[in-house]
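Structural overview for review
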Protein chains: 2
Amino acid sequence: MPSTQKRRPPTRDLARTRAEILAAAFPLVLKHGFQGVSIDDVVARTRHTKGALFHQFPTKLDLGYALVDEVVRPLIKERWIAPLESYDNPLEGMLHQMETLIGGSTPETLKLGCPLNNLVQEMAPLDAGFRTRLQAALDLWVGETEKHLKRAQEKGYLKASIDTHAAAYFIVMAHEGFYGMLKGLGKRDAFAALFASFKSYFQAISNQEPVLPVEMTA
Amino acid sequence: MPSTQKRRPPTRDLARTRAEILAAAFPLVLKHGFQGVSIDDVVARTRHTKGALFHQFPTKLDLGYALVDEVVRPLIKERWIAPLESYDNPLEGMLHQMETLIGGSTPETLKLGCPLNNLVQEMAPLDAGFRTRLQAALDLWVGETEKHLKRAQEKGYLKASIDTHAAAYFIVMAHEGFYGMLKGLGKRDAFAALFASFKSYFQAISNQEPVLPVEMTA
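Residues numbered from 1 in each chain as written. Chains lettered and ligands numbered in written order. Predicted model: local features only at pLDDT ≥ 70, side-chain atom pairs only at ≥ 80, totals over all residues. Heavy atoms only, no water.

1. Topic: the overall build of chain A
- Of the regular secondary structure elements, chain A holds 11 helices and zero strands.
- Counting only residues that meet the buried cut, chain A has 51% of its 218 residues in that class.
- For chain A, restricting intrachain contacts to residue pairs at least 6 apart in sequence, the fraction spanning at least 24 positions comes to 70%.
- Approximately 9900 Å² of chain A is accessible, and the part contributed by carbon and sulfur atoms is 55%. (Helix = DSSP H or I, 4+ residues; strand = E, 2+ residues; numbered from the N terminus. Buried < 20%, exposed > 50% of the residue type's maximum accessible area, 1.4 Å probe, protein only. Contact = heavy atoms within 4.5 Å. Areas by Shrake-Rupley, 256 points an atom, 1.4 Å probe, with all protein chains shown as cover.)

The structure is reproduced here in structure tokens:
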């Protein structure tokens, strides 16, 4: 449609405004919780007006829902799923990610917890709209993890007897559980202890002996 | 001291008042979060005055700290630790507890989450006094779990190669992770999937083959 190419379509500006507002809201909500952040807090962190925000998000809940659908979901895919593509053995990739992305985090970062886990704990019991979206985000993570577990099984890395659906749930649970425990315990020796046991589990479901060749990089 | 036995010692009344206030506050905080409950909410659920409450708990934080030290810690011991004494094989006891106490919970109960996990997620990042007490409660759970793992190792149920400290952390993490995931996901097939994988982990650290003889009781 050549006639519209001469001017930047307004939809692009709107999309950028929307993305900027979400990018400003995300760290605030991560730190203070959804209920601990006001629309004014978010507006103060952007170059946009309150009117622009309300144009995008008529209510604070709309902003919260968009954080799940448009920030958390892509984060799950970019941070935890897409990198697995580059591993011939996805099990090795999963261990490596946990070691670097959680084990390698600073205590300050760990103290903030996992964005998804935080919202689940805070908002799932309080609001059905949040609950539906958070469930969908968890389902996405479990489902995409299972795809890589199936690949690992087809390639012979994962034991044929393992139920990939059950294993995918457990692996996602462990991510949320690690974040939850480390948020409460601080760093100390907790990550190393948790990770050693997580490797035992991976060893149990893996055809490879001995323990998968993952180096401590953090 | 016969002279004081004729009258009920005031300390006993104070202790009962304190216990009643904590018992009233606990379910409110479990449902609404610590920040979502006011002193007035708590007073309204007891037969005591606000003055009696402030006599026991000069600030709301004091009440919150007492919930951790005097309600959550005993709950951990009564619910998760003491029952293990009756199992010759503590690993079997741990699986059985998870199956009955988490797997057997109603969706309404699961929606509330775990009292300890909820407070860790909500208050550990916000208040150092909470954090210290919550850490101590987690440490208690990990430490007591490790004692039973050592017993399992001495009796030959747990593989000699397993680091009991790491395994204890992981088992407590899984409890918190299960509660966290089920809070977000509702019941559906999530517990069965998580539990199947948890059993795989237990199988991996156990000397017993095949899978431990735990029946679905829920």
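2. Remarks on the packing of helix α8 (residues 115-123) of chain B against helix α9 (residues 128-154) of chain B
Residue and element names in this part refer to chain B.
- It is at 10 Å that the axes of α8 and α9 come closest, and there the two elements cross at 145°. Along this stretch, α8 crosses α9, giving a crossing that reads as left-handed. Residues Leu-116, Leu-119, Val-120 and Met-123 of α8 form the contact with α9, whose own contacting residues are Phe-130, Leu-134, Ala-137, Leu-138 and Trp-141. (Axes fitted to C-alpha atoms, helices over the stretch in contact; angles between N-to-C directions. Left-handed = near helix turned anticlockwise from the far one by under 90°.)

3. Brief notes about the confidence of the model for chain A
All names here are of chain A.
- With 89% of its residues at a pLDDT of 70 or more, chain A has an overall mean of 88.
- Per-element mean pLDDT across chain A ranges from 47 in helix α1 (residues 2-5) up to 97 in helix α5 (residues 60-81).
- Contacts from residues 1-6, a stretch scored under 50 in pLDDT, to residues over four places away or in other chains number zero contacts.
- For residues 214-218, every residue scores under 50 in pLDDT, and the model assigns this stretch 12 contacts once sequence neighbours within four places are set aside. (pLDDT = per-residue confidence, 0-100.)

4. Regarding the interface of chain B and chain A
- With 40 residues of chain B in contact, the opposing surface of chain A contributes 39 residues.
- With both sides pooled, the region where chain B packs onto chain A buries about 3400 Å², and carbon together with sulfur makes up 69% of that total.
- Taken together, chain B and chain A are joined by zero salt bridges.
- On inspection of chain B and its partner chain A, the count reaches eight residue pairs in polar contact (both at pLDDT 80 or more).
- Listing elements by their share of the side of chain B that touches chain A, those giving two or more residues are α8, α9, α10 (164-185) and α11 (190-205) of chain B.
- Sort the elements by how many residues they give to the side of chain B that touches chain A and α10 of chain B lands first, with 16 residues.
- When its residues are assigned to classes, the side of chain B that touches chain A shows 22 nonpolar, 11 polar and seven charged. (Buried area = accessible area lost by both parts, 1.4 Å probe. Salt bridge = Lys/Arg side-chain N within 4 Å of Asp/Glu carboxyl O. Polar contact = N/O pair within 3.5 Å; in protein donor to acceptor, adjacent residues only side chain to side chain. Nonpolar A, V, L, I, M, F, W, Y, C, P; charged D, E, K, R; others polar.)

5. Regarding helix α9 (residues 128-154) of chain A
Residue and element names in this part refer to chain A.
- With 27 residues, α9 extends 38 Å between its outermost C-alpha atoms, agreeing within 8% with the 39 Å of an ideal straight helix rising 1.5 Å per residue.
- The N-terminus of α9 is capped by Asp-127, whose side-chain oxygen sits 3.0 Å from the backbone nitrogen of Gly-129.
- Gly-156 sits one or two residues past α9 and shows a positive phi near 90°. (Expected span 1.5 Å × (residues − 1).)

6. Here's the deal with the packing of aromatic side chains
All names here are of chain A.
- In this structure the tally under the stated criterion is 19 aromatic pairs over all chains.
- Note on Tyr-65 and Phe-130: the rings are 5.3 Å apart at their centroids and 80° apart in plane angle, and the pair reads as edge-to-face. With Tyr-65 in helix α5 and Phe-130 in helix α9, the pair connects residues that are 65 residues apart, well separated along the chain. In terms of burial, Tyr-65 and Phe-130 fall into one category: buried.
- Ring centres of Trp-80 and Trp-141 lie 5.8 Å apart, and the angle between their planes is 25°; this geometry places the pair in the stacked category. In this pair, Trp-80 is assigned in helix α5 and Trp-141 in helix α9, connecting sequence segments 61 residues apart.
- Judged by relative accessible area, which is 3%, Trp-141 ranks as buried. (Phe/Tyr/Trp six-rings, centres within 6.5 Å; stacked < 30°, edge-to-face > 60°.)

7. Examining the nonpolar core
- Counting 141 residues, the largest nonpolar core has Leu-116, Phe-178 and Phe-198 of chain A together with Leu-116 and Phe-178 of chain B as its most contacted members.
- In this structure Leu-116 of chain B touches Val-72, Ile-76, Leu-134, Ala-137, Leu-138, Trp-141 and Glu-176 of chain B, once residues within four positions along its chain are discounted. (Core = buried A, V, L, I, M, F, W, Y, C linked by side-chain atoms within 4.5 Å.)

8. So, the pattern of salt bridges
Residue and element names in this part refer to chain A.
- For the coordinates displayed, the defined rule picks out 14 salt bridges over all chains.
- Of the charged contacts, one joins Glu-146 and Lys-150 as a salt bridge, the two residues approaching to 3.6 Å between their closest N and O atoms. Of the two residues, Glu-146 and Lys-150 both sit in helix α9, four residues apart, roughly one turn of that helix.
- For Glu-146, a relative accessible area of 15% corresponds to the buried category.

9. Details of the layout of surface pockets
- As a volume, the largest pocket reaches approximately 720 Å³.
- Together, 32 residues line the largest pocket, and Gln-35, Gln-121 and Glu-122 of chain A together with Gly-33 and Glu-122 of chain B are the ones closest to its centre.
- Contributing elements (two or more residues each) for the lining of the largest pocket: α2 (10-32), α7 (107-112) and α8 (115-123) of chain A together with α2 (10-32), α7 (107-112) and α8 of chain B.
- Broken down by class, the residue content of the lining of the largest pocket amounts to 11 nonpolar, 12 polar and nine charged. (1 Å grid on protein atoms, 1.4 Å probe; cavity = no way out; pocket = protein on both sides within 12 Å on 5 of 7 lines; lining within 4 Å. Points joined across faces, edges and corners; volume = space filled by probe spheres on them.)

10. Notes on the relation of the copies chain B and chain A
- Superposition record for chain B on chain A: RMSD 0.0 Å, screw rotation 180°, translation along axis 0.0 Å. The operation mapping one copy onto its partner corresponds to a two-fold rotation axis. In terms of proximity to the rotation axis, the leading residue of chain B is Gly-177 of chain B, whose C-alpha is 2.0 Å off the axis. (Least-squares fit on C-alpha atoms with pLDDT ≥ 70 in both.)

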